[in-house]
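Read off the chains here:
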Amino acid sequence: MGTLALAAKITHVPSMYLSELPGPRQGFRQAAIDGHLEIGRRCRELGVDTLVVFDTHWLVNANYHINCAAHFEGLYTSNELPHFIANMNYGFPGNPELGRILAQECNRLGVETMAHDATTLAPEYGTLVPMRYMNTDQHFKVISVSALCTSHYLNDSARLGWAMRKAVEEHYDGSVAFLASGSLSHRFAQNGQAPDFATKVWSPFLETLDHRVVRMWQDGDWADFCAMLPEYAVKGHGEGFMHDTAMLLGALGWSQYDGKAEVVTPYFGSSGTGQINAIFPVTPQDGSAIPAAQASNPAGVTSTSRL
């Protein structure tokens, strides 16, 4: 029925908003902004009606959650970096119907998920920053998915991504894009050193690791990448424990994915973290490599690792 038309890993650095404002940093994130504009343009070209954002700034401690209110509007100040994002206006339509469909299929495949369509819950800036540039005219409906998952298995996040793709393709009459909103390495600069690392990555090790990962994506080395993802999430300080990336790769077929990433905004450093905008072509998949549900399977649950 429906189509997963586009999938991408995207940055949401708050310095993109700062880059708009008069001052010494004005314009310094234009490449990242241009990458968002390009992704938005391609979504329009593909007839996408809804952007589903896997948001690594939405922290949850139990279950997976979908914010699918009918409309979002407000004035946002970041509690994490109020000197970067203050009083930022936002507004765009939601998609309650699709949100409920996504949750239903996730639950059917053993990943406990709740859709919130009648809620005052506001999106986090992992959703708001990209929407500022991709969806200025409110062309797209928007759904936000929790992806800062503190007590979750990466296998379940991969399965959730696949379940959401199946939900779109089998139960939704429309075209959708999935956006994994989060960094690669996410080791912030120490307090007091942030200005020195405004355009740098925290350490040579992390920068080298990130570059190797990007090369794996461009080469289509998905079996090895999926195998190393749990360790990369920990040793590479992955944002949100890389659950957004697991969701995205799950939607694409996990270790059997056969596409190659297209870098739209080249890798860059921001406050010590490693960032990118990259599009992952959606290819036909049968789901045979998708991990089994783990949290809902007593045999799969461990007490020693959340990953």
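Since this is a predicted model, take the numbers as computed values, not measurements. (Residues numbered from 1 in each chain as written. Predicted model: local features only at pLDDT ≥ 70, side-chain atom pairs only at ≥ 80, totals over all residues. Heavy atoms only, no water.)

## Here's the deal with the side chain of Asp-244
Secondary-structure assignment places Asp-244 in helix α8 (residues 243-252). Within polar-contact distance, the side chain of Asp-244 engages the side chain of Lys-9 at 2.8 Å. Here Gly-182 takes part through its backbone nitrogen, which lies 3.4 Å from a polar atom of the side chain of Asp-244. (Helix = DSSP H or I, 4+ residues; strand = E, 2+ residues; numbered from the N terminus. Polar contact = N/O pair within 3.5 Å; in protein donor to acceptor, adjacent residues only side chain to side chain.)

## With respect to helix α5 (residues 154-171)
Taking 1.5 Å of rise per residue, 18 residues should cover 26 Å, and α5 covers 25 Å from first to last C-alpha, within 8% of that figure. The buried fraction of α5 is high, at 14 of 18 residues. (Expected span 1.5 Å × (residues − 1). Buried < 20%, exposed > 50% of the residue type's maximum accessible area, 1.4 Å probe, protein only.)

## With respect to empty space enclosed by the protein
Using the criterion set out here, one finds 1 cavity of 30 Å³ or more in the structure. Considered as a void within the structure, the largest cavity measures approximately 40 Å³ in volume. Along its surface, the largest cavity is lined by Asp-55, Trp-58, Asn-67, Leu-121, Ala-122, Pro-123, Glu-124 and Ser-144. Grouping the constituent residues of the lining of the largest cavity by class yields 4 nonpolar, 2 polar and 2 charged. (1 Å grid on protein atoms, 1.4 Å probe; cavity = no way out; pocket = protein on both sides within 12 Å on 5 of 7 lines; lining within 4 Å. Points joined across faces, edges and corners; volume = space filled by probe spheres on them. Nonpolar A, V, L, I, M, F, W, Y, C, P; charged D, E, K, R; others polar.)

## A few points about the pairing of strand β8 (residues 175-181)
Within β8, 7 of the 7 residues are buried, leaving the element largely enclosed by the surrounding structure. Relative to β8, strand β1 (residues 3-10) is paired through 7 bridges, and the arrangement is parallel. Bridging from a neighbouring strand, Thr-3 pairs with Ser-175 of β8. (Pairing = 2+ DSSP bridges.)

## Let's talk about the nonpolar core
Side chains that are nonpolar tend, in soluble globular proteins, to be buried together. Formed by 61 residues in total, the largest nonpolar core has its most connected members in Val-52, Phe-54, Leu-102, Met-164, Phe-178, Trp-217 and Phe-280. For this core, the element with the most residues is α5, which contributes 8 residues. What Phe-54 contacts, discounting residues up to four positions off in sequence, is Val-145, Ala-147, Met-164, Phe-178, Leu-179, Ala-180, Ser-181, Asp-244, Met-247 and Leu-248. Within the second largest apolar cluster, 34 residues are counted, among which are Tyr-17, Tyr-125, Leu-179 and Ile-279. (Core = buried A, V, L, I, M, F, W, Y, C linked by side-chain atoms within 4.5 Å. Contact = heavy atoms within 4.5 Å.)

## Details of the layout of surface pockets
Its volume calculated, the largest pocket comes out at about 420 Å³. Along its surface, the largest pocket is lined by 27 residues, and Leu-81, Phe-84, Phe-188, Ala-194 and Ser-271 are the ones closest to its centre. Looking at the lining of the largest pocket, the elements with two or more residues in it are α1 (15-18) and β10 (273-280). In terms of residue class, the lining of the largest pocket is made up of 12 nonpolar, 12 polar and 3 charged.

## What about the pattern of salt bridges?
In this structure the tally under the stated criterion is 13 salt bridges. Two residues, Arg-41 and Glu-38, come together in a salt bridge whose shortest N-O distance is 2.8 Å. With a gap of 3 residues between them, Arg-41 and Glu-38 both fall in helix α2 (residues 30-45), about one helical turn apart. Its salt-bridge partner being Asp-219, residue Arg-215 comes within 3.7 Å of it at the nearest N-O pair. Separated by 4 residues within a single helix, Arg-215 and Asp-219 lie in helix α6 (residues 204-219), roughly one turn from each other. Classification of Asp-219 as partly exposed rests on a relative accessible area of 42%. Through salt bridges with shared partners, one network takes in Glu-38, Arg-41, Arg-42, Glu-45 and Glu-262. (Salt bridge = Lys/Arg side-chain N within 4 Å of Asp/Glu carboxyl O.)

## A closer look at the environment of Asn-155
One can find Asn-155 in helix α5. In this structure Asn-155 comes out as partly exposed when scored by relative accessible area, which is 28%. What Asn-155 contacts, discounting residues up to four positions off in sequence, is Pro-291, Ala-292 and Gln-294.

## Some details on the packing of aromatic side chains
Scanning the model with the defined rule gives 11 aromatic pairs in all. Ring plane angle 45° and centroid distance 5.0 Å describe the contact between Trp-222 and Tyr-257, whose orientation is recorded as tilted. Separated by 35 residues along the polypeptide, Trp-222 in helix α7 (residues 222-235) and Tyr-257 in the loop between α8 and β9 (262-270) bring together distant segments of the chain. The same class applies to Trp-222 and to Tyr-257, which are both buried. An aromatic cluster of at least three residues, connected via ring pairs, comprises Trp-217, Trp-222, Phe-225, Tyr-232, Tyr-257 and Phe-280. (Phe/Tyr/Trp six-rings, centres within 6.5 Å; stacked < 30°, edge-to-face > 60°.)

## A few points about the packing of α6 against α7
One can describe the packing of α6 onto α7 by two numbers: an axis separation of 11 Å at closest approach and a directional angle of 155°. When the axis of α6 is compared with that of α7, the two are roughly antiparallel. Remark: the crossing between α6 and α7 carries left-handed chirality. Here Phe-205, Leu-206, Leu-209, Asp-210, Val-213, Met-216 and Trp-217 of α6 lie close against α7, whose contacting residues are Trp-222, Asp-224, Phe-225, Met-228, Tyr-232 and Lys-235. Residue composition of the contact of α6 with α7, by class: 10 nonpolar, no polar and 3 charged. (Axes fitted to C-alpha atoms, helices over the stretch in contact; angles between N-to-C directions. Parallel < 35°, antiparallel > 145°, perpendicular 65-115°, else oblique. Left-handed = near helix turned anticlockwise from the far one by under 90°.)

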